[in-house]
Amino acid sequence: AMNTRWVTSAGVVDVLVSAQGPNGTTINWRTIDPTAQTIDVDGHPLRIAALEDLLVMKLSVGRERDIEVAEQLAPGSTRAFAERFGGPTHKATPPPSATRHGQNHDQ
């Protein structure tokens, strides 16, 4: 599976074919399609993962910046994920609330 990152005038867009899920599972478009939303981009339909699915993907990976983004999007999401799945893969404590703008967005 090939995941890509697009840098656009509107910001960075990650296009994922598959992602790490909780407890070693894999999340792919079939997994999230039932809850995804469709938006129109210049006359083309584009499927967007639901917020809950995005949070599960970010917290499953457990990178510091993903945990920070999850907490910014949905405060308390790290705690809720830990209660449901046993905690983020690599971190068990919530991140600092400080936002890190302009840093490297490596995959």
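Right above here is the structure, for reference.
The rules we used
Residues numbered from 1 in each chain as written. Predicted model: local features only at pLDDT ≥ 70, side-chain atom pairs only at ≥ 80, totals over all residues. Heavy atoms only, no water. Axes fitted to C-alpha atoms, helices over the stretch in contact; angles between N-to-C directions. Helix = DSSP H or I, 4+ residues; strand = E, 2+ residues; numbered from the N terminus. Parallel < 35°, antiparallel > 145°, perpendicular 65-115°, else oblique. Contact = heavy atoms within 4.5 Å. Nonpolar A, V, L, I, M, F, W, Y, C, P; charged D, E, K, R; others polar. Phe/Tyr/Trp six-rings, centres within 6.5 Å; stacked < 30°, edge-to-face > 60°.

## Things to note about the packing of helix 2 (residues 51-61) against helix 4 (residues 77-85)
And then number 1: For the pair helix 2 and helix 4, interaxial distance at closest approach is 11 Å and the crossing angle is 80 degrees. The orientation of helix 2 with respect to helix 4, classified from their angle, is roughly perpendicular. Contacts between helix 2 and helix 4 involve Glu 52, Leu 55, Val 56, Leu 59 and Ser 60 on the former and, on the latter, Ser 77, Thr 78, Phe 81, Arg 84 and Phe 85.
And then number 2: Class assignment of the residues belonging to the contact of helix 2 with helix 4 gives a composition of five nonpolar, three polar and two charged.

## Concerning the packing of aromatic side chains
And then number 1: Per the stated rule, a full pass over the model turns up one aromatic pair.
And then number 2: A ring pair is formed by Phe 81 and Phe 85, whose centres lie 4.9 Å apart and whose planes are at 45 degrees; its orientation type is tilted. Of this pair, Phe 81 and Phe 85 are both found in helix 4, four residues apart, which corresponds to roughly one turn of the helix.

## What to know about the packing of helix 3 (residues 64-73) against helix 4
And then number 1: Between helix 3 and helix 4, the least distance of the axes is 8 Å, while the angle of their chain directions is 110 degrees. Considering their axes alone, helix 3 and helix 4 lie roughly perpendicular with respect to each other. Residues Ile 67, Ala 70 and Glu 71 of helix 3 lie in contact with helix 4, whose contacting residues are Ser 77, Thr 78 and Arg 79.
And then number 2: Partitioned by chemical class, the residues of the contact of helix 3 with helix 4 number two nonpolar, two polar and two charged.

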